[in-house]
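Descriptive analysis of the structure
So the chains spell out like this:
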Amino acid sequence: MPTVTKLVPEETVFFLCDVQTRFKNAIFGFDELVLAISKMLKIAKVLDIPVIVTEQNPKALGNTIPDIDLPSLGPLLLATIEKGLFSMVTPEVKALLHERPQIKSVVLFGIESHVCVLQSALDFIEAGYNVHVIADGVSSCNKEEIPFALARIQQSGGYITTSESAAFQLQRDAGAPGFKSFSNVIKEEKDNTVRTLQKLLQYRAVL
């Protein structure tokens with residue numbers, strides 16, 4: 001019987017990969033991508049889930065786009081790490097995870113699906129983490145690349161989910177403390193969720 005892997009808030013870190021200013025006009029569905037990521041960061045705040053951000057060569061590609069409100073995370077933002085590696089699994093990230101041995105799952109979103117997201121997912125899987133990729137939270141310059149990148153991750157043992165599905169997995173219980181705040185986020189994001197799903201999931205039938 002296959003192993004069932006579930007998302008548990010206390011054992012999870014969110015990873016935001018390289019959503020930088022120079023990519024704004026190059027990435028397919030960039031505006032919808034930012035909406036999905038912003039929703040995930042709201043979920044992080046409600047459920048107290050730490051976030052690690054990377055930026056690929058920010059001197060050339062700019063910093064994380066300001067539409068993504070990283071300062072609002074406060075201490076939940078563990079680090080914003082500059083990198084040259086395509087993978088997010090840099091020495092700095094390894095050190096942060098080593099300090100948190102309770103972490104079993106990483107949730108990935110960002111760009112590009114077939115480069116940095118893919119290589120990060122494979123490296124995290126190889127390191128023994130359960131990897132959950134947000135299908136409506138990733139994209140690439142060429143939209144045709146996206147489903148094959150997600151399929152490659154799934155073939156390697158990663159899990160492909162959606163922002164809302166992952167959020168409800170993490171919340172788990174309507175009777176749990178904080179459910180009202182969680183429910184408010186879901187309601188506030190309803191229209192954005194529909195917009196994002198319709199834009200970013202229409203080319204993912206290969207899964």
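A brief look at the structure comes next.

Procedures and definitions
Residues numbered from 1 in each chain as written. Predicted model: local features only at pLDDT ≥ 70, side-chain atom pairs only at ≥ 80, totals over all residues. Heavy atoms only, no water. Helix = DSSP H or I, 4+ residues; strand = E, 2+ residues; numbered from the N terminus. Buried < 20%, exposed > 50% of the residue type's maximum accessible area, 1.4 Å probe, protein only. Contact = heavy atoms within 4.5 Å. Areas by Shrake-Rupley, 256 points an atom, 1.4 Å probe, with all protein chains shown as cover. Salt bridge = Lys/Arg side-chain N within 4 Å of Asp/Glu carboxyl O. Pairing = 2+ DSSP bridges. Axes fitted to C-alpha atoms, helices over the stretch in contact; angles between N-to-C directions. Phe/Tyr/Trp six-rings, centres within 6.5 Å; stacked < 30°, edge-to-face > 60°. Core = buried A, V, L, I, M, F, W, Y, C linked by side-chain atoms within 4.5 Å. Polar contact = N/O pair within 3.5 Å; in protein donor to acceptor, adjacent residues only side chain to side chain. Right-handed = clockwise from strand over helix to strand, strands pointing away.

Observations concerning the overall build of the protein chain
Along the backbone of the protein chain there are 8 helices and 6 strands. N-terminal to C-terminal, the α/β element order of the protein chain is β-α-β-α-β-α-β-α-β-α-β-α-α-α. Taking the principal axes of its C-alpha atoms as reference, the protein chain extends roughly 45 × 40 × 40 Å. In the protein chain, which comprises 207 residues, the proportion classed as buried is 50%. Taking the intrachain contacts of the protein chain between residues at least 6 apart in sequence as the baseline, contacts between residues at least 24 apart amount to 83%. When the accessible area of the protein chain is evaluated, it comes to approximately 9800 Å², of which 52% is carbon and sulfur surface.

Some remarks on the pattern of salt bridges
All chains considered together, the criterion is met by 8 salt bridges. For Arg172, the salt bridge identified is with Glu10, shortest N-O distance 3.8 Å. Note that Arg172 is positioned in the loop between α6 (163-171) and α7 (179-188) and Glu10 in the segment before β1 (12-17), a separation of 162 residues in sequence. Taken as a pair, Arg172 and Glu10 share a single burial class, namely exposed. Glu99 is paired through a salt bridge with Arg100; the nearest N and O atoms lie 3.3 Å apart.

Examining the sheet that holds strand β3 (residues 77-83)
The strand order β3-β2-β1-β4-β5-β6 describes an open sheet built from 6 strands, whose pairing is parallel. Looking along the sheet, the strands with just one partner apiece sit at the ends: β3 and β6 (159-161). The sheet shows a mean angle of 25° between the axes of neighbouring strands, taken without regard to direction. Bridging between strand β5 (residues 130-139) and β6 involves 3 bridges; their strand directions are parallel. Residue pairing for β6: His132 is matched across the bridge by Tyr159. Running over the sheet, helix α3 (residues 91-98) touches β1, β2 (51-56) and β3 and is turned about 160° from β3. Contacts from helix α4 (residues 113-126) reach β1, β2, β3, β4 (105-111) and β5 within the one sheet, and its direction differs from that of β4 by about 170°.

Examining the packing of aromatic side chains
Each aromatic ring pair is summarised here by two numbers: the centre-to-centre distance and the angle between the ring planes. Tallying each qualifying case throughout the model produces 5 aromatic pairs. Ring geometry for Phe14 against Phe109: centres 5.7 Å apart, planes inclined by 80°, an arrangement best described as edge-to-face. A residue pair is termed long-range when its members are at least 10 positions apart, and Phe14 in strand β1 and Phe109 in strand β4 qualify at 95 residues. Accessibility classification places Phe14 together with Phe109 in one group, the buried group. Here the aromatic residues Phe15, Phe124 and Tyr129 are joined through ring pairs into a cluster of three or more.

Structural notes on the nonpolar core
Membership of the largest hydrophobic core comes to 62 residues, with the highest contact counts inside it found for Phe14, Phe15, Val19, Ile68, Phe109 and Phe124. The element that contributes the greatest number of residues to this core is helix α1 (residues 30-47), accounting for 9 residues. What Phe15 contacts, discounting residues up to four positions off in sequence, is Ile52, Met88, Val93, Leu97, Val106, Val107, Leu108, Phe109 and Phe124.

A look at the side chain of Thr54
Following the sequence through the fold, Thr54 ends up in strand β2. A polar atom in the side chain of Thr54 sits 2.8 Å from the side chain of Asp18. In contact with Thr54, other than residues within four places in its own chain, are Leu16, Cys17, Asp18, Ile81, Lys83 and Met88.

Remarks on the pairing of β5
The element β5 is extensively covered by neighbouring structure, given that 9 of its 10 residues are classed as buried. Where β4 meets β5, 6 bridges bridge the pair, whose relative direction is parallel. Paired with Val107 across the bridge in β5 is His132. Running through α4, the crossover from β4 to the neighbouring parallel element β5 is right-handed. Handedness of the β5-helix α5 (residues 146-155)-β6 crossover: right-handed.

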